[in-house]
Amino acid sequence: MIAVLFLLLLLGAAVFAAASGGQAVPVVEILALIGVFLVFFGAGVYVAAVLGLLGVLVGLAFSDRPWWLFAGQTLWSPSSNFVLVAVPLFLLMGEILLRAGLSDRLYKALNLWLGRLPGGLLHTNIVACAVFSAISGSSVATAATMGSVALPWFSGTRYSQRMVLGSLAAGGALGNLIPPGITFIIYGLITETSVGALYVAALIPSILVTGLFLGVILIHGLRHPMEQAAPIPLREKLRGLVDLGPTMLLILIVLGSIYGGLATPTEAAALGVVGAASFAALDGKLSWRMLHASAEATARNTALLGLILFGAYLLNYILTSIGVPQAMAGMIGGLPLPPWAVMAAIMMLYFALGTFMEGFSMIITTVPVVFPIVVALGYDPIWFGVIVTMLVEIAQISPPDGTVMYVLQGMRRPPGPISDVFTGVLPFLAAYLVAVAMMLAWPGLALWLPSLMN
């Protein structure tokens, strides 16, 4: 409903601008897009098919150049881009870690140090997700992996199921924000922004969001105290750090090579895959069957993302050729509103789309439209990349259609109502919104570290 209202408001603004004699706005194109958009998504059609069909329909209806003459060239550009090779590599690394049992060892080791804090194992959920995010690059992969590891630990305990699921959903939402998030790769490809600079800019916001999540759990633990676990000897805690070794080394390999200028994100992802396979071999978990299962899951997810990317590129090319993004940018940029108000409207767009669209699709379909507006208003492209990623992550834990929440709901044993996940994630959602507000108030949180690189 929120998305429908926003789209109708957008159409109304376009009609008003055209009627008032301002810059010409393609009202018919926008109206047709809204109609087809709502019909396709309301019917539950796959996102990739929706984007491709929209591109074909708009091209046939409004473009002077037959779409089939430029479709091949348009789709070849993203499919042959070297940066995108990092996406399946990061996915493959996460699949190998999951099947090798390294993620389970990570959770156990962190629990030795965090289990006695107010909130107990809930702190472990957040920190384990944050650490795993630094090698997975995907929110869904992080939520699925750490959910499969963590949920059995809470079976038969007095922990609130809502807070358990909410903390895992919030931790999963860190998957794309903490480098090497895949969203930054896609954003950098679309806007021609340095992926390495985006990774550096995301470090402080990642720490900020993680800290706010831990604060939510701390408050919950103080308000609902539980019996603390028995003290663990320091020697045992130090021995448990050995289980953190493989994960820490992988983070050092992947992020250290990027920040040190030794490797591109794609090359670092390849190093990460080799490292994950090496650690699996040292643990005796590496086998052809395990590699086959990891590769099969990676191929499935990569094909899904690739189809979405191709459909979106076709649609974006056609929209640009008929002037829709340029007209919208001119219309919004010409409104008598301060830049912060325009940015607030853009944020409302992402909140609206997040009610029914997957985060990756939101980046592909919206950034080419809103990016010229943001740059014209004087905002930094690197800062906006971090903001967009945060908004997409918020969408993934926003009821009623957050992707991460449904991943966790499907993993619950025994099953329960989806309302448990919706309710449990709300405090963390509020904390994430506070982080976005702080980023808007103090852009230096994202821009300070990249400025030191210049």
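Basis of the calculations
Residues numbered from 1 in each chain as written. Predicted model: local features only at pLDDT ≥ 70, side-chain atom pairs only at ≥ 80, totals over all residues. Heavy atoms only, no water. Helix = DSSP H or I, 4+ residues; strand = E, 2+ residues; numbered from the N terminus. Buried < 20%, exposed > 50% of the residue type's maximum accessible area, 1.4 Å probe, protein only. Contact = heavy atoms within 4.5 Å. Areas by Shrake-Rupley, 256 points an atom, 1.4 Å probe, with all protein chains shown as cover. Axes fitted to C-alpha atoms, helices over the stretch in contact; angles between N-to-C directions. Parallel < 35°, antiparallel > 145°, perpendicular 65-115°, else oblique. Nonpolar A, V, L, I, M, F, W, Y, C, P; charged D, E, K, R; others polar. Phe/Tyr/Trp six-rings, centres within 6.5 Å; stacked < 30°, edge-to-face > 60°. Core = buried A, V, L, I, M, F, W, Y, C linked by side-chain atoms within 4.5 Å. Expected span 1.5 Å × (residues − 1). Salt bridge = Lys/Arg side-chain N within 4 Å of Asp/Glu carboxyl O.

Novice: Explain the overall build of the chain here, please?
Specialist: In terms of helices and strands, the chain carries 23 helices and zero strands. When burial is assessed residue by residue, the chain has 54% of its 454 residues classed as buried. Summarising the internal contacts of the chain: among those between residues at least 6 apart in sequence, 78% fall at separations of at least 24. A total accessible area of about 19,400 Å² is found for the chain, and carbon and sulfur atoms account for 70% of it.

Novice: How do you make sense of the packing of helix 7 (residues 121-136) against helix 12 (residues 203-223) when you look at a structure like this?
Specialist: A pair of packed helices is characterised by two quantities: the angle between their axes and the separation of those axes. In the contact formed by helix 7 and helix 12, the axes pass within 9 Å of each other and the chain directions differ by 170°. Put simply, helix 7 runs roughly antiparallel to helix 12. Listed contacts from helix 12 to L122, H123, I126, V127 and A130 of helix 7 are T210, F213, L214, I217, L218 and H220. Of the residues contributing to the contact of helix 7 with helix 12, the split by class is eight nonpolar, three polar and no charged.

Novice: Mind showing me how you'd approach the packing of aromatic side chains here?
Specialist: Given two aromatic rings, one states the distance between the centres and the angle between the planes to describe the pair. In total, this model carries eight aromatic pairs according to the counting rule given. Measuring from ring centre to ring centre gives 6.2 Å for Y187 and F371, while their planes differ by 80°; the resulting arrangement is edge-to-face. Remark: F371 occurs in helix 19 (residues 359-376) and Y187 occurs in helix 10 (residues 182-191); sequence separation between them is 184 residues. Among the residues examined, Y187 registers a relative accessible area of 0% and is labelled buried.

Novice: Looking at this structure, how should I read the nonpolar core?
Specialist: One recurring pattern in soluble globular proteins is that nonpolar side chains are buried together. F213, F384, M390 and Y432 are the most contacted members of the largest nonpolar core, which has 114 residues in total. Ignoring sequence-local partners within four residues, the contact set of Y432 consists of A173, L177, V209, F213, M390, E393, I394 and I397.

Novice: Where do I start with unusual backbone geometry in this structure?
Specialist: Most peptide bonds take the trans configuration, and most residues that are not glycine carry a negative phi. That bond from P179 to P180 is cis: its omega, 10°, falls within 30 degrees of zero. Checked against the element boundaries, P180 lands in the loop between helix 9 (161-172) and helix 10. A positive phi is found at E192, a non-glycine position, where the angle reads about 60°. Mapped onto the elements of the fold, E192 is located in the loop between helix 10 and helix 11 (195-201). Assessed through its relative accessible area of 74%, E192 is described here as exposed.

Novice: What exactly am I supposed to notice about helix 9 here?
Specialist: Three- or four-residue spacings in an α-helix give side chains the same orientation, since the helix completes a turn every 3.6 residues. In this model, helix 9 (twelve residues) spans 16 Å end to end at C-alpha, consistent with the 16 Å of a helix rising 1.5 Å per residue. Taken together, the buried positions of helix 9 are M163, V164, L165, G166, S167, L168, A169, A170, G171 and G172.

Novice: Just checking my understanding: could you explain helix 12 for this structure?
Specialist: Taking 1.5 Å as the rise per residue, helix 12 with 21 residues should run 30 Å; its terminal C-alpha atoms sit 31 Å apart, in good agreement. P205, S206, L208, V209, T210, F213, V216, I217, H220 and G221 are the residues of helix 12 that are buried. Next to the buried residues of helix 12 lie helix 7, helix 9, helix 11, helix 20 (381-396), helix 22 (419-441) and helix 23 (444-453).

Novice: Sorry, what's going on with the side chain of T183 here?
Specialist: Within the secondary structure layout, T183 lies in helix 10. Dropping the residues within four chain positions of it, T183 is found in contact with N176, I363 and T389.

Novice: What is the right way to look at the pattern of salt bridges in this model?
Specialist: Proximity of charged atoms lets side chains of opposite charge pair with each other. Evaluated as defined, the whole model comprises three salt bridges. Ionic pairing is found between E95 and R99, a salt bridge with its closest N-O pair at 2.3 Å. With E95 and R99 both in helix 5 (residues 86-100) and four residues apart, this pair spans about one turn of that helix. With a relative accessible area of 16%, E95 lands in the buried category. Of the residues examined, R99 reaches a relative accessible area of 33% and is grouped as partly exposed. The salt bridge involving D283 is made with R105; its shortest N-O contact spans 2.4 Å. Here R105 lies in helix 6 (residues 102-114) and D283 lies in the loop between helix 15 (265-282) and helix 16 (288-321), a separation of 178 residues in the sequence.

Novice: Which parts of the structure should I look at to understand the packing of helix 5 against helix 10?
Specialist: In the contact formed by helix 5 and helix 10, the axes pass within 10 Å of each other and the chain directions differ by 180°. Comparing the axis directions of helix 5 and helix 10 gives the class roughly antiparallel. For the pair helix 5 and helix 10, the contacting residues are A86, V87, F90 and L91 in the first and I182, I185 and I186 in the second. Here the contact of helix 5 with helix 10 is composed, by residue class, of seven nonpolar, no polar and no charged.

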